[in-house]
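# Summary of the model geometry
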Amino acid sequence: MRARVFPDYEAMGAAAADAVARALGEDPSAVLLLPTGTTPLGMYRRLVDMHRLGEVSFLRATFFNLDEYLGLVPDHPASYHVYMKEHFYGLIDADPARIFVPDGAAPDPEAECERYEAAIREAGGVDVCVLGIGRNGHIGFNEPGAPFDSRTRVVTLSESTRLVNAADFEANRAPEQAITVGMATIFESNEVLLLASGTNKASAVAAALEGDVSESMPASMLTLHQRTVLFLDEDAASDLGHGVPG
Ligand code: F6R
């Protein structure tokens, strides 16, 4: 695992966008696994700009999202379906037939998870996985304790994650459960870009990078992955005690 540190959020997002665009330049039909949240917004903005300038096309790419809240219909304003449409999929030339987001309102969530995992397999697996990181080290919605051999499944969100995400919901109450792509599926991605910005991510970044590899710190699994690059701004890198592994 390598880490790259950028002066600020904008530079971090621009570099991550460049890495995604480069991967699509090499393989226009690449399979991407993508996050929501605050962290990737700059990357999405930059990719949309590059698309408008004719620098990148997404027409042949396949898109999977990492997660979705359980119980939310796809047009719920806080759903990740809506987030992705507003910030990315609705602004580029993506083929709707190759956009996959877990259906949080599926009548049989377990079957939905199996269907989703099978769709990733049928697409040939993930070429480029982009991740954010939770303050507790979660990746996707794989909270501390998530088995490294887990696949797409229904998970219970930690209280701390629900608190951080509460503002998106009426009465400040985030759903208790979600569907997430599992740790093993993330690990099998050919390339992983983990993005982190801000001092509130610094301790999770340091623990993931410099602590023990442990299921209690999900992002630590990525230290075992040959092609993982951390994209950090200076604040997110500020707790690294051993310097930046380059
Ligand atoms: C969201 C996801 C989460 C976020 C993480 C960081 O799809 O998979 O793991 O990446 O919670 O969220 P932000 O970027 O909002 O700090």
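All of the points below concern the structure found in this document. (Residues numbered from 1 in each chain as written. Predicted model: local features only at pLDDT ≥ 70, side-chain atom pairs only at ≥ 80, totals over all residues. Heavy atoms only, no water.)

## Quick look at the packing of helix H2 (residues 41-52) against helix H3 (residues 80-87)
Where H2 contacts H3, the axes come no closer than 10 Å and their chain directions differ by 40°. Looking at the two axes, H2 sits oblique to H3. Every residue of H3 that contacts H2 at Leu 41, Tyr 44 and Val 48 is listed here: Tyr 83, Met 84 and His 87. A class-by-class count of the residues in the contact of H2 with H3 yields five nonpolar, one polar and no charged. (Axes fitted to C-alpha atoms, helices over the stretch in contact; angles between N-to-C directions. Helix = DSSP H or I, 4+ residues; strand = E, 2+ residues; numbered from the N terminus. Parallel < 35°, antiparallel > 145°, perpendicular 65-115°, else oblique. Contact = heavy atoms within 4.5 Å. Nonpolar A, V, L, I, M, F, W, Y, C, P; charged D, E, K, R; others polar.)

## Brief notes about the pairing of strand S7 (residues 153-156)
Burial along S7 is one-sided: Arg 153 and Val 155 are buried, and none of Val 154 and Thr 156, which face the opposite way, are. Two elements, S7 and strand S8 (residues 177-180), share four bridges in a ladder whose sense is antiparallel. Each residue of the ladder has a partner; that of Arg 153, found in S8, is Thr 180. (Buried < 20%, exposed > 50% of the residue type's maximum accessible area, 1.4 Å probe, protein only. Pairing = 2+ DSSP bridges.)

## What to know about the nonpolar core
If you look at the biggest cluster of nonpolar residues, it comprises 35 residues, and the most contacted ones within it are Leu 34, Met 43, Leu 47, Phe 63, Phe 88 and Phe 231. When contributions to this core are tallied by element, the ones reaching two or more residues are helix H1 (9-26), strand S2 (31-34), H2, H3, strand S6 (128-131), strand S9 (191-196) and strand S10 (228-233). Top element by residues in this core is H1. It accounts for nine residues. In contact with Phe 231, other than residues within four places in its own chain, are Arg 4, Phe 6, Met 12, Ala 15, Ala 16, Ala 19, Leu 193, Leu 194, Leu 195 and Ala 196. Counting 34 residues, the second largest nonpolar core, distinct from the first, contains Val 181, Leu 194, Ala 219 and Ala 236. (Core = buried A, V, L, I, M, F, W, Y, C linked by side-chain atoms within 4.5 Å.)

## Focus: the sheet that holds S9
The strand order S1-S10-S9-S6-S2-S3-S5 describes an open sheet built from seven strands, whose pairing is parallel. Both edges of this open sheet fall to strand S1 (2-6) and strand S5 (99-100), since each of them pairs with a single strand only.

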